[in-house]
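# Residue-level structural notes
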Amino acid sequence: MLIDLIRHGEPAGGLRYRGSGVDDPLTPEGRRQMWEAVGGRAHPGGPWDRIVSSPLQRCRAFAEELAGCLNLPLTLEPALREVGFGAWEGRSHEDVRRNSPEEYRAFFQDPLHARPRGAEPLGDFRGRVSQALERLETRHCGEHLLVVTHGGVIRAAVCAALDVPLQAMYRIRVPYAGLTRLRRDERGLQVDFVNRTRV
């Protein structure tokens, strides 16, 4: 079984913390990034058997369009929404760095314990992502899936596959429209590649 995970493209509103509480649409550039990432695969007979998407519009709108082009079934999976950032939701990275410097430094030194006020616990987040992947593997065993989702979800999935501690999660960079592939076979869950710009 193959699971290709693609991060959404550039959203409207600039570089800011948008978890599950901020739902910006893609910019025209963000749409271009995603179409470029799927390249010549965006036609009937492409490589995937099914598309699965986060319900947030920065993922869902592209997933719906691509599923229509490829004539593929689309499943919305709420558990694949982005991690909640609590009090940082909607704030720019520069705003947090400038006006909350101690919290900002603490978060990147220990994202497991130094969460923004009201943020989703990182262990809970990884748990829901892992459970969602397990459900996909059970329901769609042997299929090749494209999962349209978020940077945090992709980081959590890679950490789970490699058994990497959650404290290291934010050391994995995931660019807009970056593609990561997981493979499930008799040896378990493996990472084929991370952050390709095209399938």
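Please refer to the structure higher up on the page.
Residues numbered from 1 in each chain as written. Predicted model: local features only at pLDDT ≥ 70, side-chain atom pairs only at ≥ 80, totals over all residues. Heavy atoms only, no water.

### Side note on the environment of C69
- With respect to the element layout, C69 can be found in helix 2 (residues 57-70).
- Placed 53 residues apart in sequence, C69 and R16 show a C-alpha to C-alpha distance of 31 Å. (Helix = DSSP H or I, 4+ residues; strand = E, 2+ residues; numbered from the N terminus.)

### Quick word on the pattern of salt bridges
- Counted by the stated rule, this structure contains 17 salt bridges.
- Linking R32 and E36 is a salt bridge whose minimum nitrogen-to-oxygen distance equals 2.6 Å. Here the residue R32 and the residue E36 both occupy positions in helix 1 (residues 28-38), the gap between them amounting to four residues, near one helical turn.
- A relative accessible area of 39% places R32 in the partly exposed class.
- Of the residues examined, E36 reaches a relative accessible area of 40% and is grouped as partly exposed. (Salt bridge = Lys/Arg side-chain N within 4 Å of Asp/Glu carboxyl O. Buried < 20%, exposed > 50% of the residue type's maximum accessible area, 1.4 Å probe, protein only.)

### With respect to unusual backbone geometry
- Backbone geometry at N71 places phi at a positive 55 degrees, although glycine is not the residue there.
- Considering the arrangement of structural elements, one finds N71 in the loop between helix 2 and strand 3 (74-76).
- Phi is positive for A177, close to 65 degrees, though the residue is something other than glycine.
- Relative to the helices and strands, A177 is located in the loop between helix 6 (151-162) and strand 5 (179-185).
- What makes A177 buried here is its relative accessible area of 5%.

### Comments concerning the packing of aromatic side chains
- Applying the stated criterion across every chain yields a total of eight aromatic pairs.
- Consider the rings of F107 and Y170, whose centres lie 5.0 Å apart with planes at 55 degrees: the pair is tilted. With F107 in helix 4 (residues 101-109) and Y170 in the loop between helix 6 and strand 5, the pair connects residues that are 63 residues apart, well separated along the chain.
- Judged by relative accessible area, which is 0%, F107 ranks as buried.
- The exposure class of Y170 is buried, given its relative accessible area of 18%.
- Counting every residue linked through ring pairs, the aromatic cluster contains Y17, F85, W88, Y104, F107, F108 and Y170.
- If you follow R196 out to its NZ or CZ, it ends over the ring of F193, 3.9 Å from the centre. (Phe/Tyr/Trp six-rings, centres within 6.5 Å; stacked < 30°, edge-to-face > 60°. Lys NZ or Arg CZ within 6 Å of the ring centre and 35° of its normal.)

### Remarks on the side chain of H150
- Mapping H150 onto the fold places it in the loop between strand 4 (144-149) and helix 6.
- A polar atom in the side chain of H150 sits 2.8 Å from the side chain of S54.
- Once residues lying within four places of it in the same chain are set aside, the contact partners of H150 are R7, H8, S54, L56, R58, C59, L80, R81 and E82. (Polar contact = N/O pair within 3.5 Å; in protein donor to acceptor, adjacent residues only side chain to side chain. Contact = heavy atoms within 4.5 Å.)

### Some points on the packing of helix 5 (residues 122-139) against helix 6
- It is at 9 Å that the axes of helix 5 and helix 6 come closest, and there the two elements cross at 75 degrees. Considered as vectors, helix 5 and helix 6 are oriented roughly perpendicular to each other. In this structure, helix 5 contributes F125, R126, V129, S130 and L133 to the contact, and helix 6 contributes G152, V153, A156, A157, C159 and A160. (Axes fitted to C-alpha atoms, helices over the stretch in contact; angles between N-to-C directions. Parallel < 35°, antiparallel > 145°, perpendicular 65-115°, else oblique.)

### A word on the environment of G123
- Along the chain, G123 turns up in helix 5.
- With a relative accessible area of 41%, G123 lands in the partly exposed category.
- When the C-alpha positions of G123 and L166 are compared, they lie 7.6 Å apart, and in sequence the two are 43 residues distant.
- Those residues within four positions of G123 in sequence are excluded, and the remaining contacts are L112 and L166.

Geometric values such as these leave the question of function open.
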